[in-house]
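The primary structure of each chain is shown beneath.
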Amino acid sequence: MTEFLKEISLNIISAGAITAAAIWFLKKYIDRKLESIFKIEVEKKKLDLTIAAKYKEKMIEATSDVLPEIQQVVYRARNLVRDTIESDDHSLAKEFQAYCYHLTENLYKYQLFLPKSTFDLLHTYKKVMQRMVTLFDEAFGTQQEILAHESNTASPSSSSLQHDSILLNKCKDKFKEMDSLYQQITDDLRNLIMNLPKQNKD
């Protein structure tokens, strides 16, 4: 009986030792697995942060280029309208039309870099520019008509803003609207440029 009890005791001790060892190895395995998962998650997080930082840096760089471009377009367009009205020069109207086309083609690219309020102003400015193109076409004829006239005669086209007071006043009214929008857009762009984060030069 004593031997039997001893054998049972040894079996219990052996089973306990085996169980303890199994638990120890399982714990070590789980710890290593969790450590590996944690390291992977940390590296993924670092990579995400690096990508986000690079994206932000590229956006700041692109914005630094685009905002002055927008400012140049709205400034030059406004001045061309003013000078066309004052000089009655259809070649200036033609140049203005090119700026109108440029803004129309690039408007939704600009939207990426502008707050909605500034974009809405620029969108309205574009529509005023398009209206000015129509008015200049009415005053001077389309560019095709001007070229056709000049190819058939040595004299310049007689079409003129100054010869049509109603059309001239429409152009002046549109210019006032355009100039007001220009001032608002310029103020917005100036604030955006001044508040751009400084780029790291290192």
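Calculation criteria
Here the residue index of a chain counts from 1 through its sequence in written order. Per-residue local features are limited, in this predicted model, to residues with pLDDT of at least 70; the limit for side-chain atom pairs, both in listing and counting, is 80 or more; totals at the level of whole chains, interfaces and linings are taken over all residues. To obtain the side-chain values, all non-hydrogen atoms of the structure were used and water was disregarded. Any pair of Phe, Tyr and Trp rings, taking the six-membered ring for Trp, is counted once the centres come within 6.5 Å. Such a pair is stacked with planes under 30 degrees apart, edge-to-face with planes over 60 apart, and tilted for the rest. Under the DSSP-based scheme used, a helix requires at least four consecutive residues in state H or I and a strand at least two consecutive residues in state E, with every element numbered from the N terminus. Exposure categories follow from relative accessible area, calculated using a 1.4 Å probe and restricted to protein chains: below 20% of the type maximum is buried, above 50% is exposed, and the middle band is partly exposed. Two limits define a charge over a ring: the Lys NZ or Arg CZ must be within 6 Å of the ring centre, and within 35 degrees of the ring normal. How far a helix is expected to stretch is found by multiplying one less than its residue total by 1.5 Å. Patch membership requires over 30% relative accessible area and the absence of a salt bridge. Like charges are linked within 9 Å, and nonpolar side chains (Val, Leu, Ile, Met, Phe, Trp, Tyr) within 5 Å. For every accessible area listed, the method is Shrake-Rupley and the probe measures 1.4 Å; residues are considered covered only by the protein chains on display. Every case where a carboxyl oxygen of Asp or Glu lies within 4 Å of a side-chain nitrogen of Lys or Arg is listed as a salt bridge. Along the chain, pLDDT gives the predictor's confidence residue by residue, from 0 to 100. Throughout, a contact is declared for two residues whenever any of their heavy atoms are within 4.5 Å.

*Asks:* Would you mind going over the packing of aromatic side chains with me for this structure?
*Replies:* Overall, the coordinates contain four aromatic pairs when judged by the stated rule. Both rings, one in Tyr108 and one in Phe119, keep their centres 5.7 Å apart while their planes meet at 55 degrees; by these two values the pair is tilted. With Tyr108 in helix α2 (residues 90-110) and Phe119 in helix α3 (residues 116-140), the pair connects residues that are eleven residues apart, well separated along the chain. Since its relative accessible area comes to 51%, Tyr108 is described here as exposed. For Phe119, a relative accessible area of 7% corresponds to the buried category. Among the aromatic residues, those joined into a cluster by ring pairs are Phe96, Phe136 and Phe140. Sitting above the plane of the Tyr182 ring, Arg78 keeps its charged end 4.1 Å from the centroid.

*Asks:* What is the right way to look at α3 in this model?
*Replies:* The periodicity of an α-helix, 3.6 residues per turn, causes residues three or four positions apart to be oriented the same way. The end-to-end C-alpha distance of α3 is 36 Å, a good match for the 36 Å that 25 residues give at a rise of 1.5 Å each. In the stretch just after α3, Gly141 is the one whose phi turns positive, near 90 degrees.

*Asks:* What am I meant to see in a nonpolar patch on the surface here?
*Replies:* Side chains of Tyr29, Ile30, Leu34 and Ile37 sit close together on the surface and give an oily, nonpolar patch of about 390 Å² of accessible area. On the secondary structure map, Tyr29 appears in helix α1 (residues 2-87). The exposure class of Tyr29 is partly exposed, given its relative accessible area of 46%.

*Asks:* For this particular structure, what's the right way to read the pattern of salt bridges?
*Replies:* Side-chain pairs of opposite charge can arise whenever the charged atoms involved come near each other. One pass over the structure, following the stated rule, counts eight salt bridges. For Lys109, the salt bridge is made with Glu69, and the minimal N-O distance between the two is 3.9 Å. Residue Lys109 is found in helix α2, and its partner Glu69 is found in helix α1; the two are separated by 40 residues along the sequence. The exposure class assigned to Lys109 is partly exposed, which follows from its relative accessible area of 35%. When the shortest N-O distance is used, the salt bridge between Arg131 and Glu138 registers 4.0 Å. By relative accessible area, Arg131 is classed as partly exposed at 32%. On the basis of relative accessibility, which here comes to 46%, the residue Glu138 falls in the partly exposed class.

*Asks:* What's the story with the confidence of the model for the protein in this structure? I'm lost.
*Replies:* Note that predicted coordinates carrying low pLDDT should not be read in detail. Averaged over every residue, the pLDDT of the protein is 78; the share at 70 or more is 67%. For the protein, the element scoring lowest by mean pLDDT is helix α4 (residues 143-152), at 50; α3 scores highest, at 93. Every residue in residues 154-158 is under pLDDT 50, and counting partners more than four places away or in other chains gives six contacts.

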